[in-house]
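So the chains spell out like this:
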Amino acid sequence: MKVLQARPFAFDCTPAQTALVIIDMQRDFIEPGGFGESLGNQVSRLGAIVPACQRVLAAWRARGGMVIHTRESHAPDLSDCPPAKRLRGSPALRIGDVGPMGRILVRGEPGNDIIAALAPLPGEVVIDKPGKGAFYATGLQALLSERGITSLVFMGVTTEVCVQTSMREANDRGYDALLLEDCTESYFSAFKTATLDMITAQGGIVGWVAESTALLAALALEDARAG
Ligand code: C5J
């Protein structure tokens, strides 16, 4: 399958060997009262990508593709949260503090859930990750190897933090990765633009970028060919 309208050139993948990876679409980043807001960010920016993410997720599920959701999260005793991460800066609430949606960025707390609009279905993989990248201190690589996955399609937040870090980790591990630009967002519009440019520069040094409509068109063509 070829996603033709992609940067820096068409993204070629075999759907059965491709997983959709949805990074950190959690209440803690997207809703007021969570970690994102505690850092002083305007969280309303991020919610705008939800309808496009839903369309891609529905199409991917309809064809039985592998779906992976990630959550940035820490154990309740914070044993997997380095002090350097917890103590940095002067946020209104630190990781582990009690906020309006429970303890900030702690596993099992309401704020740590994936937003209802993109809730995982039974059987879909949910990776809890203590770092920015989806591969660091998780079983993601082993899982992808087991399933014969060679390409990844990324959506989620935030573009320049957890999405970009995960794409760079994927790139170093030999995966081809495509980021859907209308399905990712940053608290800072300039950072999103810069990240998309960094990913695709130098002949796709990190990977590819495309609009979700380009992926949906490629999937529709693939389905039509299969009859
Ligand atoms: C942070 C993220 N910490 N999901 N996480 O910004 O991008």
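Asks: Summarise the state of the cysteines; cite the residues concerned and give the values.
Replies: A complete count under the given rule lists zero disulfides for this structure. Summary of cysteine pairing: Cys 53 is not part of a disulfide, and the nearest cysteine sulfur, belonging to Cys 183, is at 4.3 Å.

Asks: So what's going on with the pairing of strand β4 (residues 18-23)? Residues and values would help.
Replies: Regular strands place side chains that alternate from one sheet face to the opposite one. For β4, a buried count of six out of six residues is recorded, marking the element as mostly surrounded by other parts of the structure. Covered by surrounding structure in β4 are Thr 18, Leu 20 and Ile 22 together with Ala 19, Val 21 and Ile 23, the residues of both alternating faces. Alignment of β4 against strand β9 (residues 151-157), held across six bridges, turns out to be parallel. Bridging across to β9, Ile 22 finds its partner in Met 155. Here β4 pairs with strand β5 (residues 66-72) via five bridges, running parallel. In the sheet register, Ile 23 faces β5, and the bridge partner there is Thr 70.

Asks: Give me the lowdown on helix α8 (residues 189-204), citing residues and values where you can.
Replies: Compared with an ideal rise of 1.5 Å per residue, which puts 16 residues at 22 Å, α8 spans 21 Å between its outermost C-alpha atoms and is within 8% of the ideal. Maximal helix bending in α8 amounts to about 25 degrees, located at Asp 197. Buried within α8 are the following residues: Lys 192, Thr 195, Leu 196, Ile 199, Thr 200 and Gly 204. Those residues of α8 hidden inside the fold are in contact with β2 (6-7), α7 (159-172), β10 (176-185) and β11 (208-210).

Asks: Pulling in residues and values, what's your account of the environment of Ala 134?
Replies: Among the structural elements, Ala 134 can be located in the loop between β8 (125-129) and α6 (140-146). Accessibility expressed as a relative area gives 0% for Ala 134, which makes it buried. In this structure, the C-alpha to C-alpha distance between Ala 134 and Cys 162, residues 28 residues apart in sequence, is 7.7 Å.

How each quantity is defined
- Per chain, residues are indexed from 1 in the order of the written sequence.
- Local features in this predicted model are restricted to residues of pLDDT 70 or higher, and side-chain atom pairs are both shown and tallied only at a pLDDT of 80 or more, whereas totals for entire chains, interfaces and linings draw on every residue.
- The basis for every side-chain value is the complete set of heavy atoms in the structure, and neither hydrogens nor water enter the calculation.
- By disulfide we mean two sulfur atoms from cysteines, separated by a distance within 2.5 Å.
- Remark: exposure states derive from per-residue accessible area (1.4 Å probe, protein chains only) relative to the maximum for the residue type, with buried under 20%, exposed over 50%, and partly exposed in between.
- Secondary structure counts use DSSP, requiring at least four H or I residues in a row for a helix and at least two E residues in a row for a strand, with both numbered from the N terminus.
- When DSSP finds two or more bridges between two strands, those strands count as paired.
- Residue count minus one, scaled by 1.5 Å, sets the expected span of a helix.
- To get the bend at a given residue, fit one axis to the seven residues ending there, fit another to the seven starting there, and take the angle between those axes.
- Residues are treated as being in contact if the distance between any of their heavy atoms lies within 4.5 Å.

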